[in-house]
Amino acid sequence: MAETHVLFVEDDDVIREATTLALERDGFVVTAMPDGLSGLESFRAHRPDIALLDVMVPGMDGVSLCRRIRDESTVPVIMLSARADSIDVVLGLEAGADDYVTKPFDGSVLVARIRAVLRRFGHAGGTRSGANGSSGADVPDERGVLSFGDLEVDTEGMEVRRAGAPVGLTPTEMRLLLEFSSAPGTVLSRDRLLERVWDYDWGGDTRVVDVHVQRLRTKIGQDRIETVRGFGYKLKA
């Protein structure tokens, strides 16, 4: 199996070196950079499998770097933030990050989160069963395409079209849409989406879900996914 290449951008020398060693002990190949500009150059040169970006790095901050990476690639991105309640967390997710980890973090926790992200990216092309069984879901046509008004979800080719035009989704956004489209009209809780899409087996930060739902709405239509206050979200059938 090919080794997983991690781009790690962190300006703190101690954290950068200690985390690099911890990741390498777990079998990852790590390219560590001290600032955003060198991180972007490394990303373009090496095309890593996943990027870990500290929010506060010099030259180009982590949020801006995430946005530049997302303009060029759907590679998974995890943001590192010193404060769980920081606006930087939301800004990073809105910029296209798939997840975040709060500093200080335990090396084993970081490795677990990296592997969880990589698992769901590796399985992004797989079929998904409904969160509540197949009840209520449209039946795909012979091409494996689900239709919701002008929205078409190709469950085999992992492609989405809106009014005939292709819609570019990240793998996380695609998995989120597949979860919704497997049970249209069914309310899916944030905790359920964290479990099914983010592979969390414990209660995580639901801001991750909320920001990704909003990102998905901007691409497939603001009124396509309905908020059910106090319960979660549902895809309008």
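A brief look at the structure comes next. Here the structure is a predicted model, which is why all the values come from computation and not from measurement.

**Re the sheet that holds strand S6 (residues 145–148)**
Now for step 1: Spatially, S6-S7-S8-S9 is the arrangement adopted by the four strands of the open sheet, whose pairing is antiparallel. Single-partner strands in this sheet number two, and they are S6 and strand S9 (165–167). Averaged over all neighbouring strand pairs, the angle between strand axes comes to 25°, with direction disregarded.
Now for step 2: With four bridges connecting them, S6 and strand S7 (residues 151–154) associate as antiparallel partners.

**Focus on the pairing of strand S11 (residues 232–235)**
Now for step 1: Summarising the sheet, strand S10 (residues 225–228) and S11 pair through four bridges and their orientation is antiparallel. Within S11, the residue paired with Ile 225 across the bridge is Leu 235.
Now for step 2: The hairpin formed by S10 and S11 contains three residues between the paired strands, and Gly 230 there has a positive phi angle of roughly 85°.

**A short note on unusual backbone geometry**
Now for step 1: In this chain, Lys 103 is followed by Pro 104 through a cis amide linkage whose omega measures 0°.
Now for step 2: Topologically, Pro 104 is positioned in the loop between strand S5 (99–102) and helix H5 (107–122).
Now for step 3: Unlike most non-glycine residues, Met 158 shows phi in positive territory, near 55°.
Now for step 4: One non-glycine residue, Ala 163, lies in positive phi territory at about 55°.

**Details of the pattern of salt bridges**
Now for step 1: Applying the stated rule across the entire model yields 17 salt bridges.
Now for step 2: Residues Glu 10 and Lys 103 are paired through a salt bridge, measuring 3.1 Å at the closest nitrogen-oxygen approach. Here the residue Glu 10 occupies a position in the loop between strand S1 (5–9) and helix H1 (13–25), and Lys 103 occupies one in the loop between S5 and H5, the gap between them amounting to 93 residues.
Now for step 3: What makes Lys 103 buried here is its relative accessible area of 14%.
Now for step 4: A salt bridge links Asp 150 to Arg 224; the nearest nitrogen and oxygen atoms lie 3.5 Å apart. Here the residue Asp 150 occupies a position in the loop between S6 and S7, and Arg 224 occupies one in the loop between helix H8 (207–220) and S10, the gap between them amounting to 74 residues.
Now for step 5: Judged by relative accessible area, which is 36%, Asp 150 ranks as partly exposed.
Now for step 6: You can call Arg 224 buried: its relative accessible area is 14%.
Now for step 7: It is possible to trace a salt-bridge network through shared partners that takes in Glu 10, Asp 54 and Lys 103.

**Describing the sheet that holds S5**
Now for step 1: If you trace the five strands from one edge of the open sheet to the other, you get S2-S1-S3-S4-S5, paired in parallel fashion. The strands lining the two open edges of the sheet, one partner per strand, are strand S2 (29–33) and S5. Each strand of the sheet is rotated relative to its neighbour by a mean of 20°, with strand direction disregarded.
Now for step 2: One ladder, built from four bridges, connects S1 with strand S3 (residues 50–54); its direction is parallel. Across the sheet, Leu 7 pairs through a bridge with Ala 51, a residue of S3.

**Quick notes on the pairing of strand S4 (residues 77–81)**
Now for step 1: Most of S4 sits inside the fold, with five of its five residues counted as buried.
Now for step 2: Residues Val 77, Met 79 and Ser 81 line one face of S4 and the alternating positions Ile 78 and Leu 80 line the opposite face, and both faces are buried.
Now for step 3: Pairing geometry for S3 and S4, over four bridges, is parallel. Of the residues in S4, the one forming a bridge with Leu 53 is Met 79.
Now for step 4: Following the backbone out of S3, through helix H3 (residues 62–72) and into the adjacent parallel S4, one traces a crossover that is right-handed.
Now for step 5: In this structure, S4 lies alongside S5, joined through four bridges in parallel fashion. When the bridges of S5 are listed, Met 79 appears paired with Tyr 100.

The rules we used
- Numbering of residues starts from 1 in each chain and follows the order in which that chain's sequence is written.
- In keeping with the model being predicted, local features are shown solely for residues with a pLDDT of at least 70 and side-chain atom pairs are shown and tallied solely at 80 or more, while totals for entire chains, interfaces and linings include all residues.
- Calculated side-chain values reflect all of the structure's heavy atoms, with hydrogen atoms and water omitted.
- At least two DSSP bridges between two strands are needed for those strands to be called paired.
- Think of it this way: any DSSP run of H or I at least four residues long counts as a helix, any run of E at least two long counts as a strand, and we number them from the N terminus.
- Think of each axis as a best-fit line through the C-alpha atoms, taken over the contacting stretch in the case of a helix, with angles from 0 to 180 degrees between the N-to-C directions.
- Any Lys or Arg side-chain nitrogen found within 4 Å of a carboxyl oxygen on Asp or Glu counts as a salt bridge.
- Exposure categories follow from relative accessible area, calculated using a 1.4 Å probe and restricted to protein chains: below 20% of the type maximum is buried, above 50% is exposed, and the middle band is partly exposed.
- Classification remark: right-handed applies to a crossover when, strands pointing away from the viewer, the course from the first strand over the helix to the second runs clockwise.

Without other data, these values stay purely geometric and don't point to any function.
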